[in-house]
Number of protein chains: 6
Amino acid sequence: MRDHILVINPNSTASVTRAIDDAVAPLRIPGGPGIACLTLDEGPPGVECQSDADSVILPLCRVIGEQEADAAAFVIACLSDPGLFSAREATQKPVLGIAECGILTALTLGHRFGVISILARSVPRHLRYIAAMGVNQRLAGDLPIGLGIAELADGRATLGRLVDVGRRLREQHGADVLVMGCAGMARHRDNLEEAVQIPVVEPTQAAVTMAIGRVRLGWGQGLSRH
Amino acid sequence: MRDHILVINPNSTASVTRAIDDAVAPLRIPGGPGIACLTLDEGPPGVECQSDADSVILPLCRVIGEQEADAAAFVIACLSDPGLFSAREATQKPVLGIAECGILTALTLGHRFGVISILARSVPRHLRYIAAMGVNQRLAGDLPIGLGIAELADGRATLGRLVDVGRRLREQHGADVLVMGCAGMARHRDNLEEAVQIPVVEPTQAAVTMAIGRVRLGWGQGLSRH
Amino acid sequence: MRDHILVINPNSTASVTRAIDDAVAPLRIPGGPGIACLTLDEGPPGVECQSDADSVILPLCRVIGEQEADAAAFVIACLSDPGLFSAREATQKPVLGIAECGILTALTLGHRFGVISILARSVPRHLRYIAAMGVNQRLAGDLPIGLGIAELADGRATLGRLVDVGRRLREQHGADVLVMGCAGMARHRDNLEEAVQIPVVEPTQAAVTMAIGRVRLGWGQGLSRH
Amino acid sequence: MRDHILVINPNSTASVTRAIDDAVAPLRIPGGPGIACLTLDEGPPGVECQSDADSVILPLCRVIGEQEADAAAFVIACLSDPGLFSAREATQKPVLGIAECGILTALTLGHRFGVISILARSVPRHLRYIAAMGVNQRLAGDLPIGLGIAELADGRATLGRLVDVGRRLREQHGADVLVMGCAGMARHRDNLEEAVQIPVVEPTQAAVTMAIGRVRLGWGQGLSRH
Amino acid sequence: MRDHILVINPNSTASVTRAIDDAVAPLRIPGGPGIACLTLDEGPPGVECQSDADSVILPLCRVIGEQEADAAAFVIACLSDPGLFSAREATQKPVLGIAECGILTALTLGHRFGVISILARSVPRHLRYIAAMGVNQRLAGDLPIGLGIAELADGRATLGRLVDVGRRLREQHGADVLVMGCAGMARHRDNLEEAVQIPVVEPTQAAVTMAIGRVRLGWGQGLSRH
Amino acid sequence: MRDHILVINPNSTASVTRAIDDAVAPLRIPGGPGIACLTLDEGPPGVECQSDADSVILPLCRVIGEQEADAAAFVIACLSDPGLFSAREATQKPVLGIAECGILTALTLGHRFGVISILARSVPRHLRYIAAMGVNQRLAGDLPIGLGIAELADGRATLGRLVDVGRRLREQHGADVLVMGCAGMARHRDNLEEAVQIPVVEPTQAAVTMAIGRVRLGWGQGLSRH
């Protein structure tokens, strides 16, 4: 496949990559750019702490460099957007992060967004990033479900926690749109939205959508790198 | 055509609608949603002041109501996003504004965005909207070219002004990405980007991109209206 | 009456207009500008959603245009400030909105203001406006009483809800001043303030106060319109 | 005179008090509250630095305490609002500062306000206060004319500088409304507005306007002090 | 002692000064600047309200002026930083406030800081100051223990309240670092941190630390006063 | 040496490490913590782009882990604070970044800080970080001198550029305090301050100062890691 969007799961958990692959399936449009999903084998099982996030930057950029000729755009599928700005130095092709695209897309669906994180220690990392994006005025809250990546495999327990935390964000924090805080939560989007009755953004879907536009429109192609 | 994205130009100038139609052409993917562009005949020749913007809300919402059965999503193609929140009450289908989508997309292309407006009196209206969006921390500046909608017909003069203002935003205000402040500027995107050497967002393209995702993903379909 | 302040209630409910008229009575100073209150017959019974707010802009501006010769200033008496910026294009006379004046006045009475809205769906509209005003850092919270305009007619039930929500804003959200979120709540100001023991701003009173200053001082009379 | 608004000029320069007295004359409405202006003899000739501002707090609060029985409201007529929050502890009567009222009133006249200060060293003091007010998003800039209080006596030179700085705020900083940064500039308001062609707020006028409302409406009378 | 850091307790309660003296003891480094603590006899027993804070400015600046020859730096040991900016005009030597230094230091220890105040009426004063500092985005909350300075003498009761409020700031407001809101709380730092399990900043320690750097580095010595 | 502060220069240029060592010499207090400076051999010659910054995180954290037993605190001496949050996960000892400490210290020396960067492409990286810190309201501007790390070796040319950019930040952007944007600029602090006549913060000095406090005070020692 050439000129496809390459979605890179920076953790090494293949089941997460498969979930991402399912999530982006509706965005595979005949005649449009292909979408391939890749597991970063060098990554940790899950990006749970800051050093997990930082540890994937170099291998991620290496993969992006290796795939540059074939891919038309890259998506980094982790809500910490690890290596996003390094990756943009590593390639002329568009690189999008699911945190930025997921959050920005949420801003078109409600006034105050809530983020559902996996672990409490993810929250300050997200808050720093949301502040760096300059959109913290729109944040209702960021609350964890208290499950690590491995525990997300238990679908029923995960959905229960997602719904609990989603309701708290809506009722106590005033969120009117939610962003799923981990690519590994993707398969629960529909059920979560049904349960909480406010829109739910699956951020890899949001990022691939924006990547399709970038591929088709060719913005920035005449820019020299600096 | 059914289940298409309907892009509504809220001014009555058909040449602007044609320019929009050309701009979104790359987003017509064979197996994807169709994209139709419509001129709001009741609109003013151009949305230049606040009362122009406010005057289109009712006819715009009426068109959206009439087209709801056929269209899969709506895009309001004016950088004031007139009637965006009313339109969302008028239909269950997604409605996107080119200001919000253009600006949010710019945030993925640079750290500080500049807006190129048509007229000086558009600027406070934009500033209010950018503040309401909560992204004013990322705004480098909003400067006018000083040409009304009618004058945009003179392509050479328009491009010259766009380049002048774009350079001022980059050099004096620190912008590293630009948003075109009027759908009627669309045909100059490539030349402007070439001249200023920073990415330039044509906001109707940005909005239609996001609309494609919304149509394919079906987010929010299970939500009752409140 | 000439050279009076014309307070326009943009909903068609005459009892709301009468309540406004009572509220502004203390501001009728013998040698000062007269104050007249007018019901916008074309308005909806109450401004409850965004399309209600948008629907009144054109008739409101038409009334303002018609009354320009006689009135010395205009006040738009709805907490969405519908049409405020269009109205300012429609007349050389001062136009003030009760949302902006009520909120700005609250900033002189406490550090964090709470808004008591009629309905939950009013809240995002208010939040957008407060952000556009650039005063969201001072907002403690905006909570609804869950009663539509029609239900405000039941004074006892309304006051009970106002007190409940006011106390929540003070105790849980840290508000030390309140803004009444609907002109139709005006008659409860004294009782609410007595019950919650923090200052309560009736926003039409705040706007008429500022209008008196504008009429007496004649600021901006030498400015050409642009 | 009883139940009047007492405007206190916290500097000891009687000519400034007379200028204030002239400025508020249009707000003396037959049947409305009287307006008296008082020079704080213990004050410095002008409030030029932070220690000038801090030095007036105690005598100012003493005067307010002494006048409480007679006055219906107090206005502190210095753009540093010295002692505003102490004064509110010293009396049950309303106390308004010309900085807060002048700036808040400017927000109803334009989107981005400029402040014209007397001296460069006033600027950080103003910036701290504007940030404390939470309205710094609306600030276009604060620039000094470089004249101390004594030099303001030279009317022609003062007006020339006011116009120069006002134009810079409008053209280079994007201000569309100006706030005069010293009560001693009051007599130049009309000429400055005429010259710069954007609204100019004389802040003592703004504060007295709001004080009239407070006196007539009696807000907060049922509140116990805490 | 010469060239020492002079820590001034602006209240007249000697036991508070002794507690401060104990708190800064670990910062007395054999070859480093001495640290002396002084009670401002003219101060109120505690700085509980705004007029308490304002009342100490003049005597505080007088002491600083008198001690300028002997001291190498000054620390104002009250969480309202009373007179900080006046004091900087009164001496060429560095002057640091415990509020600014305590809060800025907290920003290196957590993402969202909570402040534990003595009384509810201290909170708006703190909020104004935190906003003036421009760090309110990082504030999780400011809650009072409801004890005046005199009541802090009861150590057991004080610690109990500190722990209660600290836990509320952590659990309900999302604080991950705390700032003690009164110099008189200093002796409870270790126990409070142990109990709440997030870092606790004793602000006088933070300010003296920064003063040591200023004394050793001599920054700003070549600057003329303006 | 044991229980010292270890300052790590994350670039591999030994002359920069020597300049840092000189800069922190005044903070070596007899009886106080030792201060050692170390060059990260695995680092790039200079941290000029985001991938330079990201590339040092892993080796930096490895060094910190290896030195944990001997060092009492760590300082990361690069204005991108690379790996700061990962490093805090890698050790129980305090870790401080020169960007955060330099900027926070600047907030005690002026109201609006300017940053002097080496290269234009450093600026967006700094802006993201300053926004993540939540102190962007205090930023006057960040301007580059246009010299890479290697070119800083030419002292005369470097100082000339520093002075030029410092003056622009003061005069055109309103800065009243400057932060040097690269550890390699340290030796020019005194001359720059003399030339621009506003305080200049050398950020490694600021960070080591705060580290001294952390070492002496032992904050956070009773906290379990999470």
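Nothing here was measured: the structure is a model prediction, and the numbers come from that model. Within each chain, residues carry numbers counting from 1 in the order of the written sequence. Going through the entries in the order they are written, you letter the chains from A and number the ligands from 1. Residues qualify for local features only when their pLDDT is at least 70, as the model is predicted, and side-chain atom pairs are given and counted only at 80 or more; totals for whole chains, interfaces and linings, by contrast, use all residues.

*Asks:* Talk me through the overall build of chain A; I want residue IDs and the actual numbers.
*Replies:* Starting at the N terminus, helices and strands are each numbered in turn, a helix being any DSSP run of H or I of at least four residues and a strand any DSSP run of E of at least two. Of regular secondary structure, chain A possesses nine helices and eight strands. Radius of gyration means the value over C-alpha atoms here, while the globule rule gives 2.2 Å times the residue count to the 0.38 power. Over its C-alpha trace chain A gives a radius of gyration of 16 Å, about what one expects of a compact globule, namely 17 Å for 226 residues. For the C-alpha atoms alone, the extent of chain A along its principal axes is close to 50 × 35 × 30 Å. The 226 residues of chain A split such that 65% are buried. Exposure in this text rests on C-beta crowding, where 20 or more other C-beta atoms within 10 Å of a residue's own make it buried, 12 or fewer make it exposed, and counts in between make it partly exposed. The C-beta atoms are placed from the backbone.

*Asks:* Hey, could you go over the interface of chain A and chain B for me, with residue numbers and the actual values?
*Replies:* Placing C-beta atoms from the backbone, we regard two residues as in contact once those atoms come within 7 Å. Each partner contributes residues to the interface: chain A has 35 residues there, and chain B has 35 residues. When residues of the side of chain A that touches chain B are traced back to their parent elements, those giving at least two are helix 5 (98-106), helix 8 (189-196) and helix 9 (203-217) of chain A.

*Asks:* Quick one: what's the story with the relation of the copies chain A and chain B, residue by residue and with numbers?
*Replies:* Least-squares fitting of one copy onto the other uses the C-alpha atoms of those residues that reach a pLDDT of at least 70 in both copies. Under the fitted operation, chain A is carried onto chain B by 0.0 Å of movement along the axis and a turn of 180 degrees, and the coordinates agree to an RMSD of 0.0 Å. What the rotation and shift describe, once combined, is the action of a two-fold rotation axis. Of all interface residues in chain A, 100% are interface residues in chain B too; the two copies therefore contact each other through one and the same surface.

*Asks:* Explain the sheet that holds strand 3 (residues 71-76) of chain A to me, using residue names and the numbers behind them.
*Replies:* All names here are of chain A. Any two strands are treated as partners once DSSP identifies two or more bridges connecting them. Sheet architecture is open: four strands sit in the order 2-1-3-4, paired in parallel fashion. Taken across any chain shown, the strands that pair with only one partner, and hence form the sheet edges, are strand 2 (35-39) and strand 4 (95-97). Across the sheet, the mean angle separating the axes of adjacent strands is 25 degrees when strand polarity is ignored. Pairing of strand 3 with strand 4, which is carried by three bridges, proceeds in the parallel orientation. Bridge assignment links Ile76 to a residue of strand 4, and that residue is Gly97. Where helix 1 (residues 14-24) meets the sheet, it contacts strand 1 (4-9) and strand 2, and its direction lies at approximately 165 degrees from that of strand 2. Axis lines are fitted to C-alpha atoms, over the contacting stretch for helices. Their N-to-C directions set the angle, which ranges from 0 to 180 degrees.

*Asks:* Before we move on, can you summarise the environment of Arg62(E) with the specific residues and values?
*Replies:* All names here are of chain E. For Arg62, the location among the structural elements is in helix 3 (residues 57-67). For Arg62, a count of 13 C-beta atoms within 10 Å gives the class partly exposed. Between the alpha carbons of Arg62 and Ala90 there is a distance of 8.3 Å; along the sequence they are 28 residues apart.

*Asks:* Pulling in residues and values, what's your account of the pairing of strand 2 (residues 35-39) of chain D?
*Replies:* For a regular strand, side-chain orientation follows a simple rule: the groups alternate between the two sheet faces. All names here are of chain D. Two elements, strand 1 (residues 4-9) and strand 2, share five bridges in a ladder whose sense is parallel. In the strand pairing of strand 2, Ile8 is matched with Leu38. We call a crossover right-handed when, viewed with both strands directed away from the observer, the connection leading from the first strand over the helix to the second proceeds clockwise. In this region the chain leaves strand 1, passes through helix 1 (residues 14-24) and returns to the parallel neighbour strand 2; the handedness of that crossover is right-handed.

*Asks:* So what's going on with the domain arrangement of chain A? Which residues, and what values?
*Replies:* It is common to give the size of an interface as the accessible area lost on bringing the parts into contact. All names here are of chain A. According to the domain assignment, chain A consists of domain 1 (4-97 + 205-217) and domain 2 (100-203). Summarising the inter-unit geometry, the C-alpha centres of domain 1 and domain 2 are found 20 Å apart. Taken together, the 25 residues of domain 1 in the interface contact 22 residues of domain 2. Among the elements of the structure, helix 1, strand 4 and helix 9 are those that each provide at least two residues to the side of domain 1 that touches domain 2. Broken down by element, the side of domain 1 that touches domain 2 gets its largest block of residues, six residues, from helix 1. Of the residues contributing to the side of domain 1 that touches domain 2, the split by class is 13 nonpolar, nine polar and three charged. Domains are outlined according to an automatic or database domain assignment. Classification convention: Asp, Glu, Lys, Arg as charged; Ala, Val, Leu, Ile, Met, Phe, Trp, Tyr, Cys, Pro as nonpolar; all other residues, Gly among them, as polar.

*Asks:* Could you give an account of unusual backbone geometry, with specific residues and numbers?
*Replies:* Positive phi, normally seen in glycine, also occurs at Gln197(D), with a value near 60 degrees. The backbone of Asp81(F) shows a phi angle near 45 degrees, a positive value even though the residue is not glycine. Structurally, the position occupied by Asp81(F) is in the loop between strand 3 (71-76) and helix 4 (84-90). Since 26 C-beta atoms lie within 10 Å of it, Asp81(F) is described here as buried.

*Asks:* Residue-level account of the pairing of strand 7 (residues 177-180) of chain F, with values.
*Replies:* Residue and element names in this part refer to chain F. Burial of strand 7 is two-sided: the residues Val177 and Val179 facing one way and the residues Leu178 and Met180 facing the other way are all buried. Judged from the four bridges that link them, strand 5 (residues 113-117) and strand 7 form a sheet pairing that is parallel. Within the sheet, the bridge partner assigned to Val115 lies in strand 7 and is Val179. Pairing of strand 7 with strand 8 (residues 200-201), which is carried by two bridges, proceeds in the parallel orientation. Across the sheet, residue Leu178 finds its bridge partner in strand 8, namely Val200.

*Asks:* Which residues make up helix 9 of chain A, and what are the values?
*Replies:* Residue and element names in this part refer to chain A. Given a helix with a known number of residues, its expected span is that number minus one, times 1.5 Å. Here helix 9 contains 15 residues, and its C-alpha end-to-end distance of 21 Å stays within 8% of the 21 Å for a straight helix at 1.5 Å per residue. In terms of burial, helix 9 is a largely internal element, 15 of the 15 residues being buried. Just downstream of helix 9 lies Gly218, where phi reads positive at about 65 degrees.

*Asks:* Outline the packing of helix 1 (residues 14-24) of chain B against helix 9 (residues 203-217) of chain B, supporting the account with residue identities and numerical values.
*Replies:* Residue and element names in this part refer to chain B. Following both chains from N to C, one finds helix 1 and helix 9 inclined at 55 degrees, their axes separated by 9 Å at the closest point. Classified by the interaxial angle, the pair formed by helix 1 and helix 9 is oblique. The hand of the helix 1/helix 9 crossing is right-handed. Touching Ile20, Ala23 and Val24 of helix 1 are Thr204, Gln205 and Val208, all from helix 9. The labels follow the angle: roughly parallel below 35 degrees, roughly antiparallel above 145, roughly perpendicular from 65 to 115, and oblique for the rest. The crossing is said to be left-handed when, going from far helix to near helix, the turn is anticlockwise and less than a right angle, and right-handed when the turn is clockwise.

*Asks:* So what's going on with the sheet that holds strand 5 of chain F? Residues and values would help.
*Replies:* The four strands are arranged 6-5-7-8 (chain F) in an open sheet whose pairing can be described as parallel. Here the strands that pair on one side only, and so sit at the sheet edges, are strand 6 (139-144) and strand 8 of chain F.

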